[in-house]
Amino acid sequence: MPAEHIHIDGIVQGVGFRPFVYRLAHRYGLRGWVRSNTRGVDIEVVGPQADIEAFVRALEADAPPLAVIRRITRQPIPAIHFPNSHDFPDFSDSPDSSGSPFRILPSEADEGFTLVSPDMATCPDCLRELFDPNDRRYRYPFINCTNCGPRFSIIRALPYDRPNTTMAAFLMCAACQREYDDPLDRRFHAQPNACPDCGPHVWFESVDGSVAEFNSDGAIATTARWLLEGRIVVIKGLGGFHLACDATNDQAVQTLRQRKTRPHKPLALMMKDLDMVRAYCHVSPAEEELLTSPRVPIVLLEPRPGTDLSPHIAPGQRRLGVMLPYTPLHHLLLHEVNRPLVMTSGNRQDEPIARTNAEARANLSHLADAFLWHNRPIYNRVDDSVWLVPALGPMPIRRSRGYAPQPIEVPLESPEPVLATGSEMKNTFCLLAGSYAFLSQHIGELAQMETWAFFTESVRRFQELFGIHPRI
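Residues numbered from 1 in each chain as written. Predicted model: local features only at pLDDT ≥ 70, side-chain atom pairs only at ≥ 80, totals over all residues. Heavy atoms only, no water.

## Points about the overall build of the protein chain
And step 1. If you tally the helices and strands in the protein chain, you get 11 helices and 19 strands.
And step 2. Expected size for 472 residues packed as a compact globule is a radius of gyration near 23 Å; at 23 Å, the protein chain falls within 12% of this value.
And step 3. The C-alpha extent of the protein chain, read off along each of the three principal axes, is 75 × 55 × 40 Å.
And step 4. Residue burial in the protein chain is summarised as follows: out of 472 residues, 57% are buried.
And step 5. Put simply, of all contacts in the protein chain between residues at least 6 apart along the chain, 68% involve residues at least 24 apart.
And step 6. Carbon and sulfur atoms make up 52% of the accessible area of the protein chain, which totals about 19300 Å².
And step 7. Across the protein chain, 48 positive and 55 negative side-chain charges occur, with their mean positions spaced 3 Å apart. (Helix = DSSP H or I, 4+ residues; strand = E, 2+ residues; numbered from the N terminus. Rg over C-alpha atoms; globule rule 2.2 N^0.38 Å. Buried < 20%, exposed > 50% of the residue type's maximum accessible area, 1.4 Å probe, protein only. Contact = heavy atoms within 4.5 Å. Areas by Shrake-Rupley, 256 points an atom, 1.4 Å probe, with all protein chains shown as cover. Lys, Arg positive; Asp, Glu negative; His and termini not counted. Charge placed at Lys NZ, Arg CZ, Asp CG, Glu CD.)

## A closer look at the side chain of Asn144
And step 1. Positionally, Asn144 belongs in the loop between α3 (124–130) and α4 (174–181).
And step 2. Looking at Asn144, its side chain comes within polar contact range of the main-chain oxygen of Pro192, at 3.0 Å.
And step 3. Not counting residues within four places of it along the chain, the set of residues in contact with Asn144 comprises Cys126, Gly149, Arg187, Ala190, Pro192, Asn193 and Ala194. (Polar contact = N/O pair within 3.5 Å; in protein donor to acceptor, adjacent residues only side chain to side chain.)

## Observations concerning the environment of Glu53
And step 1. Considering the arrangement of structural elements, one finds Glu53 in helix α2 (residues 49–61).
And step 2. For Glu53, a relative accessible area of 27% translates into the label partly exposed.
And step 3. Linking Glu53 and Tyr28, residues 25 residues apart in sequence, is a C-alpha distance of 9.9 Å.
And step 4. Other than its neighbours up to four places away in sequence, Glu53 contacts Glu4 and Arg74.
And step 5. Of note is the side chain of Glu53, whose polar atom sits 2.7 Å from the side chain of Arg74.

## Let's talk about the sheet that holds strand β5 (residues 102–104)
And step 1. The strand order across the open sheet formed by 5 strands is β4-β1-β3-β2-β5, and the pairing between neighbours is mixed. Each edge of the open sheet is held by one strand with a lone partner, namely β4 (68–76) and β5. Strand-to-strand twist in this sheet, taken as the mean axis angle between neighbours without regard to direction, amounts to 15 degrees.
And step 2. Here 7 bridges tie strand β2 (residues 31–37) to strand β3 (residues 40–46), and the two strands are oriented antiparallel to one another. Looking at the pairing, Arg31 lines up with Val46 of β3.
And step 3. Sitting on the sheet, α2 is in contact with β1 (3–11), β3 and β4, with an inclination near 160 degrees to β4. (Pairing = 2+ DSSP bridges. Axes fitted to C-alpha atoms, helices over the stretch in contact; angles between N-to-C directions.)

## With respect to the confidence of the model for the protein chain
And step 1. Averaged over every residue, the pLDDT of the protein chain is 91; the share at 70 or more is 94%.
And step 2. Confidence over residues 83–99 falls short of pLDDT 50; this stretch has 30 contacts with residues more than four positions distant or in other chains. (pLDDT = per-residue confidence, 0-100.)

## Overview of the pattern of salt bridges
And step 1. Summed over all chains, the structure comprises 29 salt bridges.
And step 2. For the salt bridge of Asp246 with Arg339, the shortest nitrogen-to-oxygen distance reads 2.9 Å. Of the two residues, Asp246 is situated in strand β9 (residues 241–246) and Arg339 in the loop between α9 (328–337) and β14 (341–345); the sequence distance between them amounts to 93 residues.
And step 3. Judged by its relative accessible area of 2%, Asp246 falls in the buried class.
And step 4. Between Glu351 and Arg348 there is a salt bridge, and its shortest N-O distance comes to 3.1 Å. (Salt bridge = Lys/Arg side-chain N within 4 Å of Asp/Glu carboxyl O.)

## Here's the deal with the nonpolar core
And step 1. Ranked by internal contacts, the top residues of the largest apolar core, which has 128 residues, are Phe17, Ile43, Phe55, Leu59 and Ile313.
And step 2. If we skip the residues at most four places from it in the chain, Phe17 touches Ile8, Val12, Val41, Leu59, Ala63, Pro64, Ala67 and Ile69.
And step 3. Counting 6 residues, the second largest nonpolar core, distinct from the first, contains Met172, Cys173, Cys195 and Cys198. (Core = buried A, V, L, I, M, F, W, Y, C linked by side-chain atoms within 4.5 Å.)

## Describing the pairing of strand β8 (residues 233–236)
And step 1. Here β8 shows two buried faces, one formed by Val233 and Ile235 and the other by Val234 and Lys236.
And step 2. Bridge analysis of β8 against β9 gives 4 bridges, and the strand direction is antiparallel. Bridge pairing links Lys236 to Phe241 in β9.
And step 3. Hairpin remark: β8 followed by β9, antiparallel, with 4 residues in the connecting loop.
And step 4. Bridging between β8 and strand β15 (residues 370–374) involves 3 bridges; their strand directions are parallel. Bridging from a neighbouring strand, Val234 pairs with Phe371 of β15.

## Focus: the packing of helix α1 (residues 17–27) against α2
And step 1. Between α1 and α2, the shortest axis-to-axis distance is 10 Å and the interhelical angle comes to 145 degrees. As for how α1 packs across α2, the hand of that crossing is right-handed. Contacts between α1 and α2 pair Phe17, Phe20, Val21, Leu24, Ala25 and Arg27 from the former with Phe55, Ala58 and Leu59 from the latter.
And step 2. Taken together, the residues of the contact of α1 with α2 break down into 8 nonpolar, no polar and 1 charged. (Left-handed = near helix turned anticlockwise from the far one by under 90°. Nonpolar A, V, L, I, M, F, W, Y, C, P; charged D, E, K, R; others polar.)

## A few points about the packing of aromatic side chains
How two aromatic rings sit relative to each other is set out by the distance from centre to centre and by the angle between their planes.
And step 1. The full count for this structure, using the stated rule, is 13 aromatic pairs.
And step 2. Plain terms: the ring middles of Phe371 and Trp373 are 4.3 Å apart, the flat faces sit at 10 degrees to each other, and that makes the pair stacked. By the burial criterion, Phe371 is buried, and Trp373 matches it.
And step 3. Considering the side-chain rings of Phe429 and Phe462, the 5.2 Å spacing of their centres and the 75 degrees angle between planes classify their relative orientation as edge-to-face. Of this pair, Phe429 sits in the loop between β18 (408–420) and β19 (430–439) while Phe462 sits in helix α11 (residues 449–466), and the two are 33 residues apart along the sequence. Of the two residues, Phe429 and Phe462, both sit in the buried class.
And step 4. An aromatic cluster of three or more residues is present, and its members are Phe152, Phe429, Tyr436, Phe438, Trp452, Phe455, Phe462 and Phe466.
And step 5. Across the ring face of Trp33, the terminal group of Arg35 is positioned such that the distance to the ring centre comes to 4.7 Å. (Phe/Tyr/Trp six-rings, centres within 6.5 Å; stacked < 30°, edge-to-face > 60°. Lys NZ or Arg CZ within 6 Å of the ring centre and 35° of its normal.)

## Structural notes on helix α5 (residues 216–228)
Given 3.6 residues per helical turn, the α-helix brings residues three or four places apart onto the same face.
And step 1. For α5, with 13 residues, the first-to-last C-alpha span of 19 Å sits near the 18 Å given by 1.5 Å per residue.
And step 2. By the burial criterion, the buried members of α5 are Gly218, Ala219, Ile220, Thr222, Thr223, Ala224, Trp226 and Leu227.
And step 3. The N-capping residue of α5, defined by a side-chain oxygen 3.1 Å from the backbone nitrogen of Asp217, is Asn215.
And step 4. Residue Gly230 follows α5 closely and has a positive phi angle near 95 degrees. (Expected span 1.5 Å × (residues − 1).)

This is how it looks when you write it as structure tokens:
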């Protein structure tokens, strides 16, 4: 009976790839196993050659939405590896106790590097559950699955398993653990998997400490009320903090500009849904595709005249920077406010976006009236991406959240690993290994000491994460 070892290079961790392979092997009646490591995913299968060929074709054609397959390597192996299904070890990491002839094996560390998925916006399935009163995660601000949620912002090391993320401190309840262990569940090995009983939570706190709300719904409702009253609130998000205010309140927008010492630079907006965006801006099909993609960048759009947006959002500019909600918390808040919000980076002028709660309290208290906190730690800070759609087609202005650290494949292979440090202003650095160019998230203005520290920290983390040690 033919047998093969198959290796997959690409973004295949944290995207539901192993359960996908498991289901695919069952579809074609193949025996074997799948395992992830720091180089990608390894698969061994045995079965009729026609079924193996169909299996390999389906690996590419039907891959999970967040998976990016760069290369599939196949090698024949002796079928003696798979005499009978009962000869497979009963791995503790394998949830299948049915005697299945295909198994999901524990992850293993190995030499080399694999690719890490960027953070992705809330998927349609999770969004439906978020607003379903009958779902156990109804209105839970951290709902996610293998098709969406935090990735790069929470990962400390590879392989991408929960102990190597900032979710390690949150012990899953029995219900979440069952989902996590079931290869047929959408949340199988979704590392940030959680629910209101076992996961992170949000709370509201005024800067002076006189008002606090620790119930999740109460915290979001209080935040919405303060925003509608013209106040400025710091909101902890996916890869850092935002400074938010009502974009239709001219006084609130001017106050934010004065406090942040940002008199002219445009401020980004977040709008509830595509209908709201269309009410304020002209949206082409290409711009709509960017706005609604799982990466949800800020897109520079032409505004409609005569709306109630403050004229101080982008003075002297022909376009507005607009994005849709990309976390469950954003969806809940925008649903409550039901009007456009300024959602600009939570930082002091030219400094990097705040990452920890302590950093936000120290640096942003004088800029805002209140905080909407949460207790899921951010490991890698990631600012929002920005795109423009000129006549020649979509063009990135700032490639960060939703894109970094996914590499760009270049047509030449470098014989030595290279570090390119980038510019002093608007810095982004690059690590080149083989034909992969690993571009960092947006770093910023290196003249600032804090940004220089962020730069050196990020260079070190990229080298550690991908195991790349530059010679040039």
